[in-house]
Amino acid sequence: MSKRVLYIAFHFPPIQTSSGVHRTLAFSRHLAEQDWHVRVLTVDNQAYEQQNETQLKFIPDNVSVVRAFARDTARHFSFKGRYLASMAVPDRWQSWIFGGVWAGLKQIWRLRPDVIVSTYPIASAHFIGYFLHKLTGVPWVADFRDPMLQDGYPSQPAIRRAFAWIEKKAVKHCKHIIFTSPGAVDLYRQRFPDVEDRRWQLIPNGFDSKMFEAVPEPQSDTHISGRVTLLHSGTIYPEERDPRPLFQALSELKHEEPRLAAQLRLVLRATGHDPLFAPMLKEYDIEDLVELAPGIDYLSALQEMLQVDALLLMQASNCNYQTPAKAYEYIRAKRPVLALTDPCGDTAKVILESGVALVAPLDDKHAIKQALRDFIVGLQESRFTYLSDANIEQFSRQHQAKTFTQLLDNIVQQ
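Residues numbered from 1 in each chain as written. Predicted model: local features only at pLDDT ≥ 70, side-chain atom pairs only at ≥ 80, totals over all residues. Heavy atoms only, no water.

> Would you mind showing me how to read the sheet that holds strand β6 (residues 176-179) here?
Note on sheets: strands pair through backbone hydrogen bonds, and any given pair is parallel or antiparallel. Reading across from one edge, β3-β2-β1-β4-β5-β6-β7 is the order of the seven strands in this open sheet, with parallel pairing throughout. Strands with a single pairing partner mark the edges of an open sheet, and in this sheet they are β3 (63-68) and β7 (200-202). Ignoring strand direction, the axes of neighbouring strands in this sheet form an average angle of 25°. In terms of strand pairing, strand β1 (residues 3-8) meets strand β2 (residues 36-43) through six bridges, oriented parallel. In the sheet register, Y7 faces β2, and the bridge partner there is V40. (Pairing = 2+ DSSP bridges. Helix = DSSP H or I, 4+ residues; strand = E, 2+ residues; numbered from the N terminus. Axes fitted to C-alpha atoms, helices over the stretch in contact; angles between N-to-C directions.)

> In this structure, what is going on with helix α6 (residues 182-191)? I would like to understand it.
Along α6, the residues classified as buried are G183, A184, V185, L187 and Y188. Where α6 is buried, its residues meet β5 (140-145), α5 (157-173), β6, β7 and α13 (346-352). (Buried < 20%, exposed > 50% of the residue type's maximum accessible area, 1.4 Å probe, protein only. Contact = heavy atoms within 4.5 Å.)

> Quick question: what am I supposed to make of the sheet that holds strand β12 (residues 337-341) here?
Pairing is parallel in the open sheet, where six strands are placed in the order β10-β9-β8-β11-β12-β13. Two strands in the sheet have a free side with no partner beyond their single neighbour: β10 (290-293) and β13 (357-360). Between one strand and the next, the sheet's axes are offset by a mean angle of 20°, whatever the strand orientation. Both strand β9 (residues 264-269) and β10 contribute to a ladder of four bridges, which runs parallel. Considered in β10, the bridge of V267 is made with E291.

> Sorry if this is basic, but what is going on with a nonpolar patch on the surface here?
On the surface, a nonpolar cluster with roughly 280 Å² of combined accessible area is contributed by F131, L135 and W165. Secondary-structure assignment places L135 in helix α4 (residues 124-136). With relative accessibility at 56%, the residue L135 sits in the exposed group. (Patch = residues over 30% accessible without salt bridge, like charges linked within 9 Å, V, L, I, M, F, W, Y side chains within 5 Å. Areas by Shrake-Rupley, 256 points an atom, 1.4 Å probe, with all protein chains shown as cover. Salt bridge = Lys/Arg side-chain N within 4 Å of Asp/Glu carboxyl O.)

> So what exactly am I meant to see when it comes to the side chain of S396 here?
Among the structural elements, S396 can be located in the loop between α15 (389-393) and α16 (397-413). Of note is the side chain of S396, whose polar atom sits 3.0 Å from the backbone nitrogen of H399. Apart from residues lying up to four places away in sequence, S396 is in contact with G206, F207 and S209. (Polar contact = N/O pair within 3.5 Å; in protein donor to acceptor, adjacent residues only side chain to side chain.)

> Where do I start with the packing of aromatic side chains in this structure?
Each pair of aromatic rings is reported with the distance of its centres and the angle of its planes. Evaluation of the coordinates by the stated rule reveals 23 aromatic pairs. On the basis of an interplanar angle of 25° and a centroid distance of 5.6 Å, the ring pair of F127 and W165 is categorised as stacked. Pair noted here: F127 is in helix α4 and W165 is in helix α5, with a separation of 38 residues, a long-range link. Summarising the aromatic geometry, the rings of F131 and W165 are spaced 6.3 Å apart at their centres and angled 40° between planes, so their arrangement reads as tilted. Of this pair, F131 sits in helix α4 while W165 sits in helix α5; the two residues are 34 residues apart in sequence, bridging distant segments of the chain. In this structure F131 comes out as partly exposed when scored by relative accessible area, which is 30%. W165 sits in the partly exposed class, given a relative accessible area of 35%. Through a chain of ring-to-ring contacts, three or more aromatic side chains come together here, namely F127, Y130, F131, W140 and W165. The lysine or arginine in question, R191, covers the ring of Y188, its NZ or CZ lying 4.8 Å from the ring centre. (Phe/Tyr/Trp six-rings, centres within 6.5 Å; stacked < 30°, edge-to-face > 60°. Lys NZ or Arg CZ within 6 Å of the ring centre and 35° of its normal.)

> Help me understand the nonpolar core, please; the structure alone is not making it clear to me.
Buried together is how nonpolar side chains tend to be arranged in soluble globular proteins. If you look at the biggest cluster of nonpolar residues, it comprises 101 residues, and the most contacted ones within it are L132 and L408. Excluding residues that lie within four positions of it along the chain, L408 makes contacts with V5, L31, W36, V115, V117 and V141. Y284, I286, V290 and F375 belong to the second largest nonpolar core, which has 36 residues in total. (Core = buried A, V, L, I, M, F, W, Y, C linked by side-chain atoms within 4.5 Å.)

Don't take any of this as a statement about function, it's just geometry.
Next comes the structure, spelled out in structure tokens:
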């Protein structure tokens, strides 16, 4: 007999801006392949600021999708760009809570799911999951991914109170709460010491094998004799991935060792903050070294990762309990990685497993400058070797989806 899950996720095709959507896609695909009837409860397309209809082809044929009413407060309920702060608690898509609960109740009456799954990073999804669980009694699993509450985040008091409230409800009512990094699991064990250990589950992020299969593999590596292309693919958050120390390091390298610096071309693809960064490049006199490139579709982004000489990863120490999906995609791309992150954080631990990464703190321009020197020379001298395909597969979402499916199977069998 088929098992049934109602999967609550804000990020779902045709949204284009978030790589986090691929975790839900991979898990829902694997569940459907394991005889689960999967129904995804998401938002209607108007809630997405950026979307691409071609993204819809990523939705598995055997996964049903329900789109509930939702609007972006900042775009749909503002006047001259301003709106009441209370209209963005717990996030700008709070209208989805009402639309999602109503649509979810109708689906539960029809589908009679065995379990409800809600997934972050949009907190409204967990509010919907909680209310549906309380109204129907269907077991609830929350995929937190990263910690909801951290030191200084969220900074707005009303949003912080809302996050604390739903966090406590999840801890009390969820069968399991899932995180993507060991540090996050440890943090919550300390935060809620009386909660049984099996409530916390670790299911890391990963790369999607199906997506990589859809793009051609590059030609075999050759010795790099020309200019090195270093790529950062995706959003650069001004705080969590502050690029200024990197820009300063490049500027100093350019003036101290111009011949070495001239061998580097840094491409920042789809930063999301080009207007903020462009004046910095001019200020530091590195416009000839750094290119702010526009966004492209996901498959093209993966193909670019496979083709460039090397990849750049950025993560501040205040995100030590988080490991971005990009880290796993970089490992799969089999490119050398310059990781600007805290050497003690979870991101550094994961990326160093690739065997082809150099790590330097994101906020230390001197360490970054030395890492750039070593990295360029290492590339030119072909010092990097990669993991075997079998070892790389351990980092895939397909591998992690097996754990996720087994977790839900155990809930149904209880």
